[in-house]
Amino acid sequence: MTTSTRGAAKTPAVLVLEDGRTFRGRAYGAVGETFGEAVFSTGMTGYQETLTDPSYDRQIVVATAPQIGNTGWNDEDDESGRIWVSGYVVRDPARVPSNWRAKRSLDDELERQGVVGISGIDTRALTRHLRERGSMRAGIFSGEAVAAEPELLARVQAQPHMKGASLYEEVATKEAYVVPAVGPDGEAVPIGTAKFTVAAVDLGIKGMTPHRMAERGIEVHVLPATATADDIYAVNPDGVFFSNGPGDPATADGPVALMTAVLERRTPLFGICFGNQILGRALGFGTYKLKYGHRGINQPVQDRTTGKVEVTAHNHGFAVDAPLDQVSDTKFGRAEVSHVCLNDDVVEGLQLLDQPAFSVQYHPEAAAGPHDAAYLFDRFVSLMEGQRA
């Protein structure tokens with residue numbers, strides 16, 4: 001991404017898709033150029049959590065909600081230390097934010113972090129195009145970058161595809177750190193005295209995820225994506241967690257080998273999103289790229305173990321290829337699909353029947369909501385309690 005200084009709101013901008021479709025609007029955030037995979041997110045709120053989710057690395061996110069930026073930007077809701085999206089596309093940005101926690105406008109924060117965006121385009125038409133043609137490479141160009149318009153399509157088409165992209169190490173922490181458990185009084189529990197200890201492999205973890213575990217008395221040791229089995233078991237974990245993350249799971253041979261080592265030791269295991277795809281691969285299933293993916297906070301999923309339907313938060317462009325209608329035999333025992341998306345029958349969860357391991361394709365930490373799937377963290381606690389007993 002390259003950027004120049006911020007321009008006026010009337011600075012022309014253009015979004016160019018790899019199939020030649022273009023949308024003209026105005027610069028939003030930083031002025032310059034950026035490239036990524038164009039995807040759409042259907043959430044009507046929670047844009048700050050979306051923009052700071054590491055799973056959106058190298059993606060240009062289209063907000064389907066027409067009005068974005070109404071609540072501004074605060075210092076509490078970031079899911080990581082920076083904005084990870086490559087670009088942001090909105091229709092009608094708020095002129096003045098209005099929220100008691102807001103510290104600045106969304107426009108100001110995008111500009112501060114050098115994120116190139118575009119506003120004033122027909123995001124409904126763009127979303128329909130992506131639904132029909134699928135997610136695709138794109139570029140946003142504003143200011144002086146627009147002058148090179150005859151060359152822009154060729155530059156977009158020269159960008160790498162998301163399929164085959166290995167990105168999880170780009171976004172993961174480089175150093176291990178600890179999130180202490182939280183006691184009933186809301187205060188942090190001294191390190192080493194928590195009820196449970198979990199080793200969390202960071203493949204693009206969101207900040208709310210270890211917080212949700214800490215609320216349940218779990219001390220979370222967040223480890224880099226390059227962690228080894230020795231690193232995991234050095235913290236004497238009661239359970240192991242594999243996080244969400246960006247890119248193609250078919251490239252994640254390292255995390256698959258690491259999860260295999262955990263499964264061989266029968267340690268309670270929980271994975272979400274990218275972690276679900278890693279579990280699928282470790283069990284011998286394949287993965288594939290969805291046409292346009294699931295992104296937003298309103299996706300209906302059925303938990304097949306209870307029959308309950310939940311409204312859930314998603315951000316994934318790949319899925320596990322596992323049979324929906326049968327129990328599968330794997331080298332770690334029997335496995336089955338535990339959750340399924342009611343919109344398109346995509347696999348949304350896996351569980352082993354002969355040892356304590358399960359995963360879901362969506363985000364149960366659910367910042368900024370909904371919270372229907374928060375019980376999955378309690379299910380993880382139950383697995384660790386059962387193993388200890």
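Preceding this section is the structure that the text describes.
Remember, predicted model here, so these are calculated numbers, not experimental data. (Residues numbered from 1 in each chain as written. Predicted model: local features only at pLDDT ≥ 70, side-chain atom pairs only at ≥ 80, totals over all residues. Heavy atoms only, no water.)

Trainee: Hey, could you run me through empty space enclosed by the protein in this one?
Mentor: Empty space among the atoms becomes apparent when a probe as large as a water molecule is rolled across them. Counting across every chain of the model gives 3 cavities of 30 Å³ or more. Roughly 160 Å³ of internal volume is contained in the largest cavity. Surrounding the largest cavity, 20 residues form its lining, Thr50, Lys206, Ile297, His314 and Ala367 being those nearest its centre. Considering every element that reaches the lining of the largest cavity, the biggest residue donor is strand E17 (residues 309-321), with 3 residues. Among the residues making up the lining of the largest cavity, the classes are represented as 6 nonpolar, 10 polar and 4 charged. When we break the lining of the largest cavity down by domain, the ones giving at least three residues each are domain 1 (7-157) and domain 2 (168-388). When its volume is computed, the second largest cavity comes out at roughly 130 Å³. Lining the second largest cavity are 16 residues, with Ser55, Gly245, Pro246, Gly247 and Gly317 positioned closest to its centre. The greatest single-element share of the lining of the second largest cavity, amounting to 4 residues, is contributed by E17. Taken together, the residues of the lining of the second largest cavity sort by class into 6 nonpolar, 8 polar and 2 charged. Two domains each donate at least three residues to the lining of the second largest cavity, and these are domain 1 (7-157) and domain 2 (168-388). (1 Å grid on protein atoms, 1.4 Å probe; cavity = no way out; pocket = protein on both sides within 12 Å on 5 of 7 lines; lining within 4 Å. Points joined across faces, edges and corners; volume = space filled by probe spheres on them. Helix = DSSP H or I, 4+ residues; strand = E, 2+ residues; numbered from the N terminus. Nonpolar A, V, L, I, M, F, W, Y, C, P; charged D, E, K, R; others polar. Domains from an automatic or database assignment.)

Trainee: Help me understand the nonpolar core, please; the structure alone is not making it clear to me.
Mentor: Generally speaking, a soluble globular protein has its nonpolar side chains buried in company with each other. Core analysis: the largest hydrophobic core is formed by 35 residues, its most contacted members being Leu203, Ile232, Phe242, Met259, Leu263, Leu283 and Leu350. Mapped by element, the contributors of at least two residues to this core are strand E12 (196-201), helix H7 (229-233), strand E14 (239-242), helix H8 (253-264), helix H9 (274-282), strand E19 (333-341) and strand E20 (347-352). Ranked by the residues each element gives to this core, the list is headed by H8, at 5 residues. Setting aside residues no more than four positions away along its own chain, Leu283 makes contact with Leu263, Thr330, Phe332, Ala335 and Leu352. (Core = buried A, V, L, I, M, F, W, Y, C linked by side-chain atoms within 4.5 Å. Buried < 20%, exposed > 50% of the residue type's maximum accessible area, 1.4 Å probe, protein only. Contact = heavy atoms within 4.5 Å.)

Trainee: Would you mind going over the layout of surface pockets with me for this structure?
Mentor: Taken as a whole, the largest pocket holds about 360 Å³ of empty space. Gly36, Glu37, Arg58, Gln159 and Pro160 are, among the 20 residues lining the largest pocket, the residues nearest its centre. Going through the elements one at a time, strand E4 (31-41) and strand E10 (136-142) are the ones with two or more residues in the lining of the largest pocket. Counting residues per element, the lining of the largest pocket draws most heavily on E4, at 5 residues. Grouping the constituent residues of the lining of the largest pocket by class yields 6 nonpolar, 7 polar and 7 charged.

Trainee: I keep staring at the packing of aromatic side chains and nothing clicks. Help me out?
Mentor: Across all of its chains, the model carries 7 aromatic pairs by this definition. Arranged with centres 5.8 Å apart and planes meeting at 80 degrees, the rings of Phe270 and Phe377 form a pair that is edge-to-face. On the criterion of sequence distance, the pair formed by Phe270 in strand E15 (residues 269-272) and Phe377 in helix H10 (residues 375-388) is long-range, its members being 107 residues apart. Take Phe270: its relative accessible area is 0%, and that puts it in the buried class. Ring pairs connect the aromatic residues Phe241, Phe270, Phe358, Phe377 and Phe380, which therefore count as one cluster. When the ring centre of Trp84 is taken as origin, the NZ or CZ atom of Arg82, which lies over that ring, is 3.8 Å away. (Phe/Tyr/Trp six-rings, centres within 6.5 Å; stacked < 30°, edge-to-face > 60°. Lys NZ or Arg CZ within 6 Å of the ring centre and 35° of its normal.)

On their own, these measurements won't tell you what the molecule is for.
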